[in-house]
Amino acid sequence: MRSRLDGAQPYALGLFRFVIGLLFACHGAASLFGVLGGAMGGGTVPTGTWPGWYAAVIQLVGGALVAVGLGTRAAALISSGSMAYAYFVVHQSAGLLPIQNDGEPSAMYAWAFLLLIFTGPGAWALDGLFGGRDRTAAPAAAPAEQPSTV
């Protein structure tokens, strides 16, 4: 059973990456373009305002890059940092725990992207097309040196 689950790991990770990236990009699109309900219940974030507009750009671009698996680790690093900033600067002052300060989405995204930094993109990522090899696969062991018979 474990070997079957291990064999499916890159595919589960690829699906996880895609869903997390897509949902994150939707937040950015809502804030920047007012689609999907808009920012904070309607409308858009004013262009250039700190930190909301910059966060929305990171959400849209970072989420899209993670979803397609292009520059996954770098995009996940920036996205995770953005969400950690959102949690500690925007939400933390309203209460200690995420359930108290409405910071659950920020905390969850920060940890999800942190995971992707260390695991890589998984299956079906564009990183594999441009990188030449699957970056989530373990490196091949060097062949053992054969003793000389001379």
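The rules we used
Residues numbered from 1 in each chain as written. Predicted model: local features only at pLDDT ≥ 70, side-chain atom pairs only at ≥ 80, totals over all residues. Heavy atoms only, no water. Helix = DSSP H or I, 4+ residues; strand = E, 2+ residues; numbered from the N terminus. Buried < 20%, exposed > 50% of the residue type's maximum accessible area, 1.4 Å probe, protein only. Contact = heavy atoms within 4.5 Å. Areas by Shrake-Rupley, 256 points an atom, 1.4 Å probe, with all protein chains shown as cover. Axes fitted to C-alpha atoms, helices over the stretch in contact; angles between N-to-C directions. Parallel < 35°, antiparallel > 145°, perpendicular 65-115°, else oblique. Left-handed = near helix turned anticlockwise from the far one by under 90°. Nonpolar A, V, L, I, M, F, W, Y, C, P; charged D, E, K, R; others polar. Salt bridge = Lys/Arg side-chain N within 4 Å of Asp/Glu carboxyl O.

Undergrad: Account for the overall build of the chain, with residues named and values stated.
TA: Each helix and strand in the chain was counted, giving 6 helices and 0 strands. Secondary structure of the chain in N-to-C order comes out as α-α-α-α-α-α. Considering the chain as a whole, with its 150 residues, one finds that 33% of them fall into the buried category. In the chain, the share of contacts with a sequence separation of at least 24, taken over all contacts with a separation of at least 6, comes to 65%. If you sum the accessible surface of the chain, you get close to 9600 Å²; carbon and sulfur atoms cover 69% of it.

Undergrad: Requested: an account of unusual backbone geometry, with residues and values cited.
TA: With an omega dihedral of -5°, the bond running from Trp50 to Pro51 counts as a cis peptide bond. Its place among the elements puts Pro51 in the loop between α1 (2-33) and α2 (52-68). Of note, the phi angle at Leu36 is positive, near 55°, even though the residue is not glycine. With respect to the helices, strands and loops of the structure, Leu36 is situated in the loop between α1 and α2. Residue Trp124 is not a glycine yet carries a positive backbone phi of 60°.

Undergrad: Give me the packing of α2 against helix α3 (residues 72-91): which residues, what numbers.
TA: One can describe the packing of α2 onto α3 by two numbers: an axis separation of 9 Å at closest approach and a directional angle of 150°. Judged on the interaxial angle alone, α3 and α2 are roughly antiparallel. Judged by the twist between their axes, the crossing of α2 over α3 is left-handed. The residues of α3 that touch α2, namely those facing Ala55, Ile58, Gln59, Gly62, Leu65 and Val66, are Thr72, Ala75, Ala76, Ile78, Ser79, Ser82 and Met83. When the residues that make up the contact of α2 with α3 are grouped by side-chain class, the tally is 8 nonpolar, 5 polar and no charged.

Undergrad: How would you summarise the pattern of salt bridges if you had to cite specific residues and measurements?
TA: Applying the stated criterion across every chain yields a total of 1 salt bridge. Two residues, Arg2 and Asp6, come together in a salt bridge whose shortest N-O distance is 3.6 Å. One end of the pair, Arg2, and the other, Asp6, are both in helix α1, 4 residues apart, so they sit about a helical turn from each other.

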